[in-house]
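For reference, the chains in residue letters:
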Amino acid sequence: MNQRRIRRASRILLLNEAEELLLFRFTPDDRAPFWCAPGGEAEDGETYEEAATRELHEETGIHADCGPEVTRVISDFVTLAGEPVTGDDRYFLLRVADPAIDTAGHTPTEQAMMREYRWFARKEIAGWPETIYPEDMSEMLGRVLGA
């Protein structure tokens, strides 16, 4: 039996002044659309913090420190490239006053699959008709924000 590769990734819980969470909608050809927070896999030799700061800039255009690590999620899934992995995702919390998003830094794969983003009120997340990852995002936000 082959052991799954550990995929180290950083994600940013990016909140605007209204405490809305930024999520991107992914539309892969091989599965139903889904939403998740900005972020991605850490590069070789990169810390989770460095990956979060880099991904924040690449996916949103925001130049800022990634904020504090607030939670960790470990889960088995299949990447968009079709590789079964065990994800070790670290989540960082960042609040922004100006929610202007610039997606010019997206990779070709991201440009093809991440054509939409949206600011979600926490109450919208639990009942959203498409999957939001992690699936307990609403509860996770509650724990992180103490609400």
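Residues numbered from 1 in each chain as written. Predicted model: local features only at pLDDT ≥ 70, side-chain atom pairs only at ≥ 80, totals over all residues. Heavy atoms only, no water.

Examining the overall build of the protein chain
Now for step 1: On a plain count of helices and strands, the protein chain comes out with 4 helices and 8 strands.
Now for step 2: Reading the protein chain from its N terminus to its C terminus gives the helix and strand order β-β-β-β-α-β-β-α-β-α-β-α.
Now for step 3: Taken over the C-alpha trace, the protein chain has a radius of gyration of 15 Å; the compact-globule value for 147 residues is 15 Å, and the two agree within 12%.
Now for step 4: Structurally, the protein chain occupies a C-alpha span of about 45 × 35 × 30 Å along its principal axes.
Now for step 5: Scored against the burial criterion, the 147 residues of the protein chain give a buried share of 44%.
Now for step 6: As displayed, the protein chain offers around 7900 Å² of accessible surface, 49% of which is attributable to carbon and sulfur atoms.
Now for step 7: Averaging the locations of the 16 positively and 29 negatively charged side chains of the protein chain gives two centres separated by 4 Å. (Helix = DSSP H or I, 4+ residues; strand = E, 2+ residues; numbered from the N terminus. Rg over C-alpha atoms; globule rule 2.2 N^0.38 Å. Buried < 20%, exposed > 50% of the residue type's maximum accessible area, 1.4 Å probe, protein only. Areas by Shrake-Rupley, 256 points an atom, 1.4 Å probe, with all protein chains shown as cover. Lys, Arg positive; Asp, Glu negative; His and termini not counted. Charge placed at Lys NZ, Arg CZ, Asp CG, Glu CD.)

Some points on the side chain of aspartate 88
Now for step 1: Take aspartate 88: it is sitting in strand E6 (residues 84-95).
Now for step 2: Within the structure, aspartate 88 has its side chain in polar contact with the side chain of arginine 72 (distance 2.8 Å).
Now for step 3: Separated by 3.0 Å, the side chains of aspartate 88 and arginine 90 make a polar contact.
Now for step 4: Those residues within four positions of aspartate 88 in sequence are excluded, and the remaining contacts are Ile6, Arg7, Arg8, Ala9, Tyr48, Arg72, Val73 and Ile74. (Polar contact = N/O pair within 3.5 Å; in protein donor to acceptor, adjacent residues only side chain to side chain. Contact = heavy atoms within 4.5 Å.)

Some points on the pattern of salt bridges
Now for step 1: What the rule picks out here adds up to 16 salt bridges.
Now for step 2: Between glutamate 55 and arginine 54 there is a salt bridge, with the nearest N and O atoms lying 3.1 Å from each other. Each of the two residues, glutamate 55 as well as arginine 54, counts as buried.
Now for step 3: A salt bridge links aspartate 88 to arginine 72; its shortest N-O distance comes to 2.8 Å. (Salt bridge = Lys/Arg side-chain N within 4 Å of Asp/Glu carboxyl O.)

Concerning helix H4 (residues 137-145)
Now for step 1: Inspection of H4 places Met137, Ser138, Met140, Leu141 and Gly142 among the buried residues, and these make up the whole buried set.
Now for step 2: Buried residues along H4 sit in contact with strand E1 (5-15), strand E2 (21-26), strand E5 (69-78), E6, helix H3 (122-125) and strand E8 (131-133).
Now for step 3: Backbone geometry just downstream of H4 places glycine 146 in the positive-phi region, at approximately 65 degrees.

With respect to the packing of aromatic side chains
Now for step 1: Following the criterion strictly, the structure yields 6 aromatic pairs and no others.
Now for step 2: With a centroid separation of 5.1 Å and 0 degrees between ring planes, the pair formed by phenylalanine 26 and phenylalanine 34 is classed as stacked.
Now for step 3: Three or more aromatic residues link up through ring pairs in this structure, and these residues are Phe26, Phe34 and Tyr133.
Now for step 4: One cation-aromatic arrangement involves arginine 8 over tyrosine 48; the distance from NZ or CZ to the ring centre is 5.0 Å.
Now for step 5: In this structure, arginine 90 packs its charged tip against the face of tyrosine 48, placed 4.1 Å from the ring centre. (Phe/Tyr/Trp six-rings, centres within 6.5 Å; stacked < 30°, edge-to-face > 60°. Lys NZ or Arg CZ within 6 Å of the ring centre and 35° of its normal.)

Quick notes on the nonpolar core
Now for step 1: Counting 19 residues, the largest nonpolar core has Leu14, Phe26 and Ile101 as its most contacted members.
Now for step 2: Of all the secondary-structure elements, those providing two or more residues to this core are E1, E2, strand E3 (34-36), helix H1 (48-60) and E6.
Now for step 3: Those residues in contact with phenylalanine 26 that lie beyond four places of it in its chain are Pro33, Phe34, Cys36, Leu80, Met113 and Met114.
Now for step 4: Residues Leu15, Leu23, Tyr91 and Ile125 belong to the second largest nonpolar core, which totals 15 residues. (Core = buried A, V, L, I, M, F, W, Y, C linked by side-chain atoms within 4.5 Å.)

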